[in-house]
Amino acid sequence: MMGKFAGKVLYPFVLFKAEKVDVTDAIFKHEMHHVHDMRRMGVLKWYVTYLWLAIRRGYRNHPYEKEAYEHQNEPLTEEEKALR
């Protein structure tokens, strides 16, 4: 189900391939960035757009993934710390 990815968002859940102790703050932040985008855009619109862009551009050139990678090393917010 997880493939080669460490985490996936199946809104409202975030699933991780690794044990909790193996999930780094960066991986957690990356997936939470997707959750924040879903809340902002709307879940259905986000998934449809994500799929469309994934088909057209692939994972490495996907703008949502690039943005999540850019933000994954930022400190966790208080909300993210509470969820962590």
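Here the structure is shown first, and the text comes after it.
Presented here is a report on the structure given in the accompanying data block. (Residues numbered from 1 in each chain as written. Predicted model: local features only at pLDDT ≥ 70, side-chain atom pairs only at ≥ 80, totals over all residues. Heavy atoms only, no water.)

## Some words on helix α2 (residues 43-57)
We count it as follows: By definition, any uninterrupted DSSP run of H or I lasting at least four residues is a helix, any uninterrupted run of E lasting at least two residues is a strand, and each is numbered from the N terminus. One less than the number of residues in a helix, times 1.5 Å, gives the span that helix is expected to have.
Compared with an ideal rise of 1.5 Å per residue, which puts 15 residues at 21 Å, α2 spans 21 Å between its outermost C-alpha atoms and is within 8% of the ideal. Positive phi appears at Gly58, one or two residues downstream of α2, with a value of about 80°.

## Structural notes on the packing of helix α1 (residues 25-41) against helix α3 (residues 63-71)
What counts here: Simply put, an axis is a line fit to the C-alpha atoms, just over the touching stretch for a helix, and the angle between two N-to-C directions goes from 0 to 180 degrees. Our angle categories are set so that under 35 degrees counts as roughly parallel, over 145 as roughly antiparallel, 65 to 115 as roughly perpendicular, and the remainder as oblique. What makes a crossing left-handed is the near helix being turned counterclockwise from the far one by less than a right angle; a clockwise turn instead makes it right-handed. Working rule for contacts: check all heavy atoms of both residues, and any pair within 4.5 Å makes them a contact. Side-chain classes follow a simple rule in which Ala, Val, Leu, Ile, Met, Phe, Trp, Tyr, Cys and Pro form the nonpolar group, Asp, Glu, Lys and Arg form the charged group, and the remainder, Gly included, forms the polar group.
One way to put it is that α1 packs onto α3 with a least axis distance of 8 Å and a crossing angle of 125°. Relative to α3, α1 is oriented oblique. Remark: the crossing between α1 and α3 carries right-handed chirality. Where α1 abuts α3, its residues Lys29, His30, His33, His34, Asp37 and Met41 lie against Tyr64, Glu65, Glu67, Ala68, Tyr69 and His71. Looking at the contact of α1 with α3 residue by residue, the class counts come to four nonpolar, four polar and four charged.

## Points about the pattern of salt bridges
The condition is simple: In the sections that follow, a salt bridge refers to a side-chain nitrogen of Lys or Arg positioned within 4 Å of a carboxyl oxygen of Asp or Glu. When a residue's accessible area, from a 1.4 Å probe over protein chains only, is under 20% of the maximum for its type it is buried; when over 50% it is exposed; and in between it is partly exposed.
A full pass over the atoms with the stated rule returns five salt bridges. Residue Glu80 pairs with Lys29 through a salt bridge whose shortest N-O separation is 2.8 Å. Linking Glu80 in helix α4 (residues 78-83) with Lys29 in helix α1, this pair joins segments that are 51 residues apart in sequence. When its relative accessible area of 1% is taken as the criterion, Glu80 is described as buried. A relative accessible area of 7% means that Lys29 is categorised as buried. Among the ionic pairs, Asp37 bridges to Arg40, the shortest N-O distance being 3.0 Å. One end of the pair is Asp37 and the other is Arg40, both in helix α1 and three residues apart, which spans about a single turn. Looking at Asp37, the relative accessible area reads 5%, which means it is buried. The class for Arg40 is exposed, based on a relative accessible area of 60%.

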